[in-house]
Amino acid sequence: MLELKGVVAGYGGGDVLKGVDLVVEAGTITCIIGPNGAGKSTVLKVISGLLRPRRGKVLFEGEDISGWPPARVISRGIVQVAQDRSLFPQMTVRENVRLGGYTLRDRSLVERRLAEVEELFPIVRERAHDRAGNLSGGQQKLVEFARGLMLDPKVVLLDEPSMGLDPRTMRTVFESIRTMHAAGRTVLLVEQNARSGLNAAHRGVVMENGVVRLVAPAHDVLAHPEIGELYLGGATRPA
Amino acid sequence: MAMRGIPGTVRGWGAWAATAAVASLLLGGGAVGAARVRHASQPPIIIGLSSSLTGDFSADGKANVQGYRLWAAYVNAHGGLLGRKVVLKILNDNSDPSQVITDYQSLINQYHANLLFGPFSTLLNPPAASVARRYGYMLIEGNGGGPSVFAQHNAYLFDVSSPTQNQLVAFAQWLTSLPKSERPKTAAYATYQDPFTQPQIDLCRKMLQAAGIKTVSYQVFPDETTDFTPIALKIVHSKAQVVVVGSLINLAAAMVNTFRQQHYNPEVLSFTAGPDQGSQWLQVVGGAKMTEGIMVEISWTPFLDTYQNALLDHLYTSTYGGSPESMSSDVAETFSVGQVLQQAVEATHSINNATLRAYIENPHHVFQTVQGPVHYIAGGWGQSSAPAYIGQWQNGKLVFVYPPFISKGAKPEFPKPNWP
Amino acid sequence: MSFILYAIMIGILDGGIYALMACGLTLVFGVMEVINVAQGSLVILGAYMSYVLASTLHLNLYLGLLITMPATFLLGMAIEWAFLRRLRVDRIALSILVTYGVSLAIEGGLGMIFGDTYVALPAPSGTFTLFGYATPDIKLYVFLMACAFLAGLYVLLYRTTFGAALRATVQNRTAAQLIGINVERISTLTFALGAALAAAGGMAFGATRSFHPGSAEDLISRLLVIIVLGGFGSLGGALVGALLFLVVEDMVSVLISPIWGPVVFFAGLILILLVRPQGLFGQLEARRQ
């Protein structure tokens, strides 16, 4: 349903992506792994419209969406949750989540979605009136997920959701990823913490130096001797 | 000289002004060359000068050159000096003190100037005068009257204009000349903290105190001050009978408005600048009624009834266009330089620097200039007696009321009538 | 004593005007990471526009804002589109250069049209008594007007979707883009809004003192100081910063000497910045992306 064809993109002088070909199947959780600087996050930015590809195409449900501004990509049902902390720290949790529905014209729909999202992520209701900046890292990540779901997206792009989280919180976060997927959404996830990411995913994508090296079922990637040695061997962090 | 630089616009348009200055230099140069001189057989008199055609002072530097040019063109149209044509050799110092030194050395050694005129500003005249002294030349100038110029103790320098510091001397003389029974007893002073106005205020204060006028308020404030209400209120509070302000027009207007609102009407209200600016002043204070009786100290305006001042107005407008009001006082100051030189040359029948210097420095020799009669003060290191005049708004007009030779019977309105 | 109270009140009245002039500066920085050095020139431009309308059409100063504010709003959009949108890297530093150029152009243009002469807006000459001192009515009127604009701005920022989008852009530009906020549009509108508010501030400024094209120079340094004190990007900071600046300056100049007004203020500013480098209401965290 989501397809990248020969995408070249970068910032300033150099190209970070040097011809990326990738297909994300509908209804799957796909996890991109790879070393630092491989271009994992850049792939997400090209899809969400934060970065215009220099060459190549991004196709979604057969439509060429390459170079669309983020607002337009969102309207097609693709939502990205940014790396690191991306809440508006001075606003309350509820304001943050409500802003997730910024592009919706129908105010009553926003309130309905808010209720649904609060159901899925109880923290949104519990801490509704707290400033988002006062929440812990893991709590903020969950609120970010909640905000992303306000548009009831078809595809969720997650940029290193486990970054900076302790193991317990990380487990909650990955459970939430499965919850999102259970509702029929396609999830494309970038993970530095490759083992946890692949454990949660159906398909694994290995990137290196701006190109896709390998696409395979997640457990195959986990079991792949060479990959294991390269990216998973050292990464024996608890998952 | 420009009392205070007007920030911003001058700098912003400096490059344009410089271009215009260079263009006028080229055009003007042609005009001088083409001037008809009857005694063409004799070699011309070369007068060398350097001016700030570019750099920080370019706007004033242009005016500096205009005054010299107008004088030279006028003299050449009337037979030259001692029958010889006057040629101005003008170099550009880029507003730079070290360039000024090079310029004057070149004028003497390379261009063999017979006489020297001064550049623009208190900053550039001292180095120019040092070069002149080394070669035995005198330097007559009109655009550098700050205390540092005379502190050089250079006997070869003559400033034809009123020393900056003396702007309020006539004002103080008038007040102290009042009979003791009428003379006010208290005075308030306020001034920008800058090298021009503050020494004027301080000298005035010293003179008034010596005459028994007590200082009840003295305020110095920074250049960038834009909110003058507290300063004005302190003066109101002092209930001073005399108020003297070292000002710009916006400050003067703010003072007038605040005083009026507070129903505070000093017997004498005087500014170093602001009320001299005609229609602009009337606009910012809200009409002629508001300014009745207010005084301002002026060293020169195109309306002053002084020697050849009307002629200068005519020369200026016919050469550069515009109205006399558009003429910078820099122009009158350098025109005065030419007048002093001409009168000295004609009196001595000489262009010898030593002869001329001896004649000019004699305090008994009075020269007539567009700025008024001047002589050089013994031991003043080039300070002239050029006066500053007291102007006062009377019935919607700015009238010169002091010293008596310029006032033609007009008397200072004292005490100042109450606000309307 | 009443004199000191009066000095404080005058500081507050003038502070309101400065807050109005400074609020655009702080919003623009917050949203765009642009230090708009042209804010002072936009204020003076607004003052001159009011001057032209009042002296040629004899239009009431407040009604004149119905023309000057939309006009400067459009000018602000044009400046943003023509110069600032193109700055992709090193925005803060480059924006200073670019807006400085804009400032010089405005100042030069005003100088060509109006000359370097001081003018004042025709203001009613009535006074009211405050702690025993006659105070021009106009000072109170423009203060109230400034308060009304600031209150309106507050409502816009905190009670409307546009305001929420603007605040979101201030707090996290990337996240704002990712929820579908068109941050370029927000930037254009913010810059234009800042310019329109500058025009209103210009009317208030010009009605209470005389001005000339070069007045922009003194103004911008004071506005920047206010924003530094209040915290870049903070509307409340601009208000509190402006009031503090003017009150401290006026009090010191009455109690000690006008020379010490700015000195005492800057000494205080440095102390505050040592404790809170982000200014009184600034948010360092807010700018993480």
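Keep in mind that what you see is a predicted model, and the values were worked out from it rather than measured. (Residues numbered from 1 in each chain as written. Chains lettered and ligands numbered in written order. Predicted model: local features only at pLDDT ≥ 70, side-chain atom pairs only at ≥ 80, totals over all residues. Heavy atoms only, no water.)

Chemist: Account for the overall build of chain B, naming residues and giving values.
Modeler: Across its full length, chain B carries 15 helices and 14 strands. Its C-alpha radius of gyration of 22 Å places chain B within 12% of the 22 Å reference for a compact globule of 420 residues. With respect to the principal axes defined by its C-alpha atoms, chain B has extents near 70 × 45 × 35 Å. In chain B, which comprises 420 residues, the share counted as buried stands at 57%. Considering only contacts in chain B between residues 6 or more positions apart, those separated by 24 or more positions represent 68%. Counting every atom, chain B has about 15,600 Å² of accessible surface; 55% of that belongs to carbon and sulfur. (Helix = DSSP H or I, 4+ residues; strand = E, 2+ residues; numbered from the N terminus. Rg over C-alpha atoms; globule rule 2.2 N^0.38 Å. Buried < 20%, exposed > 50% of the residue type's maximum accessible area, 1.4 Å probe, protein only. Contact = heavy atoms within 4.5 Å. Areas by Shrake-Rupley, 256 points an atom, 1.4 Å probe, with all protein chains shown as cover.)

Chemist: Describe in detail the packing of aromatic side chains, supporting the description with residues and values.
Modeler: Residue and element names in this part refer to chain B. Summed over all chains, the structure comprises 24 aromatic pairs over all chains. Ring centres 6.0 Å apart and planes at 70° place the aromatic pair Tyr389 and Phe405 in the edge-to-face group. In this pair, Tyr389 is assigned in strand S13 (residues 389–394) and Phe405 in helix H15 (residues 404–407), connecting sequence segments 16 residues apart. Over the aromatic face of Trp419 sits the side chain of Lys416, whose NZ or CZ is 3.5 Å from the ring centroid. (Phe/Tyr/Trp six-rings, centres within 6.5 Å; stacked < 30°, edge-to-face > 60°. Lys NZ or Arg CZ within 6 Å of the ring centre and 35° of its normal.)

Chemist: Tell me about the arrangement of the chains, residues and numbers included.
Modeler: Ranked by contact count, the leading pair among the two pairs of chains in contact consists of chains B and C. Where chain A comes nearest to chain B, the C-alpha atoms are still 34 Å apart, and the two do not contact one another.

Chemist: Report on the interface of chain B and chain C, specifying residues and quantitative values.
Modeler: Counting residues at the interface gives 28 residues for chain B, matched by 40 residues for chain C. Remark: the boundary between chain B and chain C carries two salt bridges. As a salt-bridge pair, Arg222 of chain C and Asp227 of chain B come within 2.9 Å of each other at their nearest N and O atoms. Where chain B meets chain C, there are 11 residue pairs in polar contact (both at pLDDT 80 or more). Of all the secondary structure elements, the ones that give two or more residues to the side of chain B that touches chain C are helix H1 (9–12), strand S7 (214–221), helix H9 (229–238), helix H10 (249–261) and helix H11 (278–285) of chain B. Looking at the side of chain B that touches chain C, its residues break down into 12 nonpolar, 12 polar and four charged. (Salt bridge = Lys/Arg side-chain N within 4 Å of Asp/Glu carboxyl O. Polar contact = N/O pair within 3.5 Å; in protein donor to acceptor, adjacent residues only side chain to side chain. Nonpolar A, V, L, I, M, F, W, Y, C, P; charged D, E, K, R; others polar.)

Chemist: Give me the pairing of strand S10 (residues 211–217) of chain A: which residues, what numbers.
Modeler: The pairing of strand S9 (residues 203–208) of chain A with S10 of chain A spans six bridges and is antiparallel. Paired with Gly204 of chain A across the bridge in S10 of chain A is Ala216 of chain A. (Pairing = 2+ DSSP bridges.)

Chemist: Requested: an account of the sheet that holds S7 of chain B, with residues and values cited.
Modeler: The strands that make up a sheet pair up through hydrogen bonds in the backbone, lying either parallel or antiparallel. Residues and elements named next belong to chain B. If you walk across this open sheet you meet the seven strands as S7-S6-S8-S9-S10-S13-S14, and the pairing is mixed. At either end of the open sheet lies a strand with only one pairing partner, and these are S7 and strand S14 (397–402). Neighbouring strand axes in the sheet, compared pairwise and without regard to direction, differ in orientation by 25° on average. Across seven bridges, the pairing between strand S6 (residues 186–192) and S7 is parallel. Across the sheet, the residue bridging to Ala187 is Thr215, located in S7. Across the sheet, H10 lies against S6, S7, strand S8 (242–246) and strand S9 (268–271), angled at about 160° from S9, the strand it touches most. (Axes fitted to C-alpha atoms, helices over the stretch in contact; angles between N-to-C directions.)

Chemist: Can you lay out the domain arrangement of chain B for me, pointing to particular residues and giving the numbers?
Modeler: All names here are of chain B. Looking at the assigned domains, one finds that chain B contains domain 1 (9–162 + 305–374) and domain 2 (166–298 + 389–407). The gap between the C-alpha centroids of domain 1 and domain 2 is 33 Å. In this complex, domain 1 contributes six residues to the contact, which on the side of domain 2 involves four residues. For the pair domain 1 and domain 2, the summed buried surface comes to about 390 Å²; carbon and sulfur atoms form 63% of the total. The interface formed by domain 1 and domain 2 includes zero salt bridges. Run the count over domain 1 and domain 2 and you get one residue pair in polar contact (both at pLDDT 80 or more). Partitioned by chemical class, the residues of the side of domain 1 that touches domain 2 number one nonpolar, four polar and one charged. (Domains from an automatic or database assignment. Buried area = accessible area lost by both parts, 1.4 Å probe.)

Chemist: Kindly report on the packing of helix H5 (residues 137–159) of chain C against helix H6 (residues 161–171) of chain C, identifying the contributing residues and their values.
Modeler: All names here are of chain C. Viewed as axis vectors pointing N to C, H5 and H6 meet at an angle of 80°, and their least axial separation amounts to 5 Å. Comparing the axis directions of H5 and H6 gives the class roughly perpendicular. Of the residues in H6, those touching H5 at Leu156, Leu157 and Tyr158 are Phe162, Gly163, Ala164, Leu166 and Arg167. Within the contact of H5 with H6, the residues separate by chemical class into six nonpolar, one polar and one charged. (Parallel < 35°, antiparallel > 145°, perpendicular 65-115°, else oblique.)

Chemist: Let's hear about a nonpolar patch on the surface: which residues, and what values?
Modeler: Residue and element names in this part refer to chain C. A grouping of Leu255, Ile256, Trp260, Val263 and Val264 is seen on the molecular surface, where their side chains present a nonpolar patch of about 460 Å² in accessible area. Broken down by element, the residue count for the nonpolar patch peaks at three residues, all from helix H11 (residues 260–275). With respect to the helices and strands, Leu255 occurs in helix H10 (residues 235–255). (Patch = residues over 30% accessible without salt bridge, like charges linked within 9 Å, V, L, I, M, F, W, Y side chains within 5 Å.)

Chemist: Provide a residue-level description of the interface of chain A and chain C, including the pertinent values.
Modeler: Tallying the contact residues gives 21 residues for chain A and 18 residues for chain C. Summing both sides of the interface, chain A and chain C together bury roughly 1,800 Å²; the carbon and sulfur share of this comes to 64%. When the area that chain A buries against chain C is broken down by residue, the three leading residues are Phe88, Gln90 and Tyr102 of chain A, summing to 32%. Our count for the contact surface shared by chain A and chain C stands at one salt bridge. Of all the secondary structure elements, the ones that give two or more residues to the side of chain A that touches chain C are helix H2 (70–75) and helix H3 (93–99) of chain A. Among the elements that take part in the side of chain A that touches chain C, H2 of chain A stands out by supplying three residues, more than any other. Split by residue class, the side of chain A that touches chain C holds 11 nonpolar, six polar and four charged.

Chemist: Account for the sheet that holds strand S8 (residues 186–190) of chain A, with residues named and values stated.
Modeler: All names here are of chain A. Read from one edge of the open sheet, six strands run S6-S7-S8-S3-S9-S10, paired in mixed fashion. For this open sheet the edge positions go to strand S6 (78–81) and S10, each flanked by a neighbour on one side alone. Neighbour to neighbour, the strand axes of the sheet diverge by 15° on average, direction disregarded. Alignment of strand S3 (residues 29–33) against S9, held across four bridges, turns out to be parallel. If you follow Thr30 over to S9, its bridge partner there is Arg203.

Chemist: Requested: an account of helix H1 (residues 2–32) of chain C, with residues and values cited.
Modeler: Residue and element names in this part refer to chain C. With 31 residues, H1 extends 44 Å between its outermost C-alpha atoms, agreeing within 8% with the 45 Å of an ideal straight helix rising 1.5 Å per residue. At Ala22, H1 shows its maximal bend, which comes to roughly 35°. Most of H1 is tucked away: 25 of the 31 residues are buried. Immediately downstream of H1, the backbone of Glu33 shows phi near 55°, a positive value. (Expected span 1.5 Å × (residues − 1). Bend = angle between axes of the 7 residues up to and from the residue.)

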